[in-house]
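# Structural overview
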Amino acid sequence: MILIQGLLEPFSHAFMVRGLAAAIMVGIVCPVLGTYVVLRGMAFFGDALAHIVLPGVVLAFLLGWPVAIGALAAGISAALVIGRLSQRGRVAEDTAIGVVFAGAFALGVAMLSVRGSYAVDLTHILFGDLLGVRGVDLWLIAGLGLGVLVTIAAFYKEFMVISFDPLLATTLRLPVTWLRNLMLVLLAVVIVVSLQAVGVALVLAMLVTPAATATLITRRLIWVMILAAVIGAGSSLAGLYLSYYLNLASGPAIVLAATAVFGVVYAVVGRRDRTSGMIVRSPASDG
Amino acid sequence: MKKAISEHEHGGIGQVMGQPPAHVADAPPVLVSDLSVRFDGTTALEGVTFCISEPTTMAVVGPNGAGKTTLLKVIAGIYPPSSGSVRVYGYGPVSHICIAYVPQRTQVDWRFPVTVADVVMMGRVKKLGPFRWPRKGDWAIVDHALDRVGMVDLRQRHIRALSGGQQQRVFLARALAQEAEIVMLDEPLTGLDAPTQQAILSLLDELRADGVPSLVATHDLSLASEHFERALLLNHRLVAEGTPEHVFTSENLQAAYRGSLHIVSGDAGPLVLADTHCEGEETAP
């Protein structure tokens, strides 16, 4: 009884219920798209994009507009510009991203620094403000998140082909550039959806960590996505309890929970592979 | 789908999104005319002209960096020609969805979370169309393709847990599921033992018997001369093309390989010693 009471107690507060709903939705949507981020090796791109939305967020914040609108506009335009830059640039792709990423982030912080409440505002933007989620924020997260999931379901196999074998995508005459840009736009949307839950600095963890954990366990893309979503949602719940009882900041607590799951799975899978004597054949060897 | 050929040349979005055009009657499977391909100033292919007039198996041979992969990719419509033209059954490659390209095994991410059946299903993605998930009938086509390459029992296996020869056969099954009317394979025989190579070659012979020509990049001169109906010798320019006896003369081989080839006269005719993994500056005897 005490245990159940302990589990239920945090959610006697309305702000905790809203926080939990937001965290779980983010914990589902981020890892599903994050599976493609992991498989396509886009982790650096995702992190950069999360930081690049900062000036948009700050501008909307200063003008009193909904923050999500500024973030969406900044994120989507940055995603498409960088996607273009990296295809035919005079500098290497990661260099181009690095330059834009750091510059945009500095611009956002500089803009924010003109305000008196600089430190608090920056903390909320960087690490999330889950307990400040309002009802209208919940509807926004739900709507955008559902849109992302439906889009991924609609283009699941096309995204799989451009991720696994871009040459096949070309010979099948799939609209490769269009699909790649669509994926970048989805990434920008997911980052915006996650801002309030985990913040700019920690979005990457929700994109990458649950999906990376799932790839260690299962061997089919659809199961990686489902498992990653379960791990993400579970981490959100566990993180909120940690946050409530240990008085930790909620965003970092969620990320720490996800990281702990990764660590445990990594260790267990490593031990299983060693003890079962399972030899993973390299493709070069033949039999 | 009656359209002038010129309209298909650059494959506008209408053709790209739509179904493949009907073939031009009596058009050869492959017609390459004065093809040149340049990347950032370096010339990969120059003035290549040849025709595959009927289903056949063709080995594409040449030293490293001779443009073998580039030639296959241009015919598959992955790279555009810098000049000249490529016709596949009478149309530009980008208006076809029936050209299968099997990449080198080293180019594939074998850790990607897909099973054997998933990889083969990818060949059907265009035919399925957007928004649709594969159904029972689609999986039956996948199983049929896997059955033809003798891999149906391994359909649920992860691709990393396959041998090199099995991996190659999965990609051939994908070409079958794609209903490929021509197949390009980049170094499919490299690193395989002799029986496995033989199994792949037999599959290519079966494809040819079904009317599907294949072009195979290889650096193995003996396989190319013994197991293929035709050979194409390349070193940026086309050195020779035709039957292996016609192509693999010491004169042609010297022209293609220059210093990196030795020809020794033995009891059973000329013996060719090639080192195509080495770009050394040895001088010919």
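The shown structure was predicted, so the numbers you read here are calculated from the model rather than taken from an experiment.

Looking only at helices and strands, one finds 11 helices and 11 strands in chain B. Across the 285 residues of chain B, 45% fall into the buried class. Partitioning the intrachain contacts of chain B with sequence separation of at least 6 by distance along the chain shows that 65% fall at a separation of at least 24.

Another point: the sheet that holds strand β3 (residues 57-61) of chain B. Residues and elements named next belong to chain B. A sheet is described by the order of its strands in space; here six strands give the open sequence β5-β6-β7-β3-β8-β9, paired in mixed fashion. Since the sheet does not close on itself, it has two edges, and those belong to β5 (99-102) and β9 (237-242), each with one partner. Looking at each pair of strands side by side, their axes are set apart by 15° on average, direction ignored. In this sheet, strand β7 (residues 214-218) lies alongside β3 in parallel orientation, the contact comprising five bridges. Bridge pairing in β7 links V61 to T218.

Turning to the interface of chain A and chain B, a few remarks are in order. Facing 30 residues of chain A, the contacting portion of chain B comprises 35 residues. Going through the elements one at a time, α9 (156-164), α10 (166-171) and α13 (221-246) of chain A are the ones with two or more residues in the side of chain A that touches chain B. Tallied by class, the residues present in the side of chain A that touches chain B amount to 16 nonpolar, six polar and eight charged.

On to the confidence of the model for chain A, then. All names here are of chain A. Confidence in the prediction for chain A averages 87 pLDDT; 93% of positions are at 70 or higher. At the level of individual helices and strands, chain A shows its lowest average pLDDT in helix α5 (residues 67-87), which scores 78, and its highest in α9, which scores 96. In this model residues 277-287 is a low-confidence stretch, pLDDT under 50, and it forms 19 contacts with partners more than four residues away in sequence or in other chains.

Judged by nonpolar contacts, the single largest core of 171 residues is most densely connected at V26, L33, L49 and V53 of chain A together with V60 and V120 of chain B. For this core, the element with the highest residue contribution is helix α2 (residues 14-39) of chain A, accounting for 15 residues. Filtering out sequence-adjacent residues up to four positions away, V26 of chain A remains in contact with I141, V193, S194, A197, V198, M206 and S236 of chain A.

Residues and elements named next belong to chain A. For helix α8 (residues 135-154), built from 20 residues, the straight-helix expectation of 28 Å at 1.5 Å per residue is met to within 8% by its first-to-last C-alpha distance of 29 Å. Among the residues of α8, D137, L140, I141, G145 and V148 are the ones counted as buried. On an axial view of α8, the arc spanned by its buried residues comes to 115°, and they lie on one face. Pointing more than 90 degrees away from the buried face of α8 are the exposed residues G135, V136, W139, G143, L146, V150 and A153.

A separate point is unusual backbone geometry. One non-glycine residue, R173 of chain A, lies in positive phi territory at about 60°. For E179 of chain B, which is not glycine, the phi torsion reads 55° and is therefore positive. Within the secondary structure, E179 of chain B sits in the loop between α7 (164-177) and β6 (182-186).

Residues and elements named next belong to chain B. The buried fraction of strand β8 (residues 230-235) amounts to five of the six residues, a majority that puts the element mostly inside the structure. Both β3 and β8 contribute to a ladder of four bridges, which runs parallel. Residue pairing across strands places V61 opposite L233, the latter belonging to β8. Sheet topology places β8 next to β9; five bridges connect them, and they run antiparallel. From the neighbouring strand, L233 faces β9, where its bridge partner is A240. Hairpin geometry of β8 and β9 is characterised by an intervening segment of one residue between the two adjacent antiparallel strands and by a positive phi of about 65° at H236.

Right, let's get into the sheet that holds strand β2 (residues 42-52) of chain B. Residue and element names in this part refer to chain B. Read from one edge to the other, the open sheet built from three strands follows the order β2-β1-β4, with strand pairing classed as antiparallel. The open sheet has two edge strands, β2 and β4 (83-88), and neither has a second partner. Here the strands of the sheet are splayed against their neighbours by 20° on average, with no regard to which way each runs. Relative to β2, strand β1 (residues 30-39) runs antiparallel, the two sharing seven bridges.

Residue and element names in this part refer to chain B. When the terminal C-alpha atoms of α7 are compared, their 20 Å separation across 14 residues agrees well with the 20 Å that a helix rising 1.5 Å per residue should span. Extensive coverage of α7 is indicated by the burial of 14 of its 14 residues. Trailing α7 by a residue or two, E179 shows a phi angle of about 55°, which is positive.

Here the focus is the confidence of the model for chain B. When pLDDT drops low, the exact placement of atoms in the prediction is not to be read closely. Residue and element names in this part refer to chain B. Of all residues in chain B, 83% attain a pLDDT of 70 or more, and the chain-wide mean is 85. Here residues 1-18 is a poorly scored stretch, pLDDT under 50, and it has 22 contacts once near neighbours within four places are set aside; other chains count. Contacts from residues 278-285, a stretch scored under 50 in pLDDT, to residues over four places away or in other chains number 10 contacts. This prediction of the complex comes with two scores: 0.86 for pTM and 0.84 for ipTM.

A few words now on the packing of helix α6 (residues 136-148) of chain B against α7 of chain B. In a packed pair of helices, the relevant descriptors are the angle between the two axes and the axis-to-axis distance. Residue and element names in this part refer to chain B. Packing of α6 against α7 brings their axes to within 8 Å, and their N-to-C directions diverge by 130°. As far as their axial angle goes, α7 and α6 are oblique. The element α6 and its partner α7 pack so that their crossing is right-handed. Contacts from I141, V142, A145, L146 and R148 in α6 reach A173, L176 and A177 in α7. Of the residues belonging to the contact of α6 with α7, the class tally is seven nonpolar, no polar and one charged.

Another aspect to go through is the environment of L182 of chain A. The residue L182 of chain A is located in helix α11 (residues 176-198) in this model. Once the C-alpha coordinates of L182 of chain A and L202 of chain A are considered, the two residues, 20 residues apart in sequence, prove to be 23 Å apart.

Definitions and limits used
Residues numbered from 1 in each chain as written. Chains lettered and ligands numbered in written order. Predicted model: local features only at pLDDT ≥ 70, side-chain atom pairs only at ≥ 80, totals over all residues. Helix = DSSP H or I, 4+ residues; strand = E, 2+ residues; numbered from the N terminus. Buried ≥ 20, exposed ≤ 12 C-beta atoms within 10 Å, placed from the backbone. Contact = placed C-beta atoms within 7 Å. Pairing = 2+ DSSP bridges. Axes fitted to C-alpha atoms, helices over the stretch in contact; angles between N-to-C directions. Nonpolar A, V, L, I, M, F, W, Y, C, P; charged D, E, K, R; others polar. pLDDT = per-residue confidence, 0-100. Core = buried A, V, L, I, M, F, W, Y, C linked by C-beta atoms within 7 Å. Expected span 1.5 Å × (residues − 1). Arc of directions from axis to C-beta. Parallel < 35°, antiparallel > 145°, perpendicular 65-115°, else oblique. Left-handed = near helix turned anticlockwise from the far one by under 90°.

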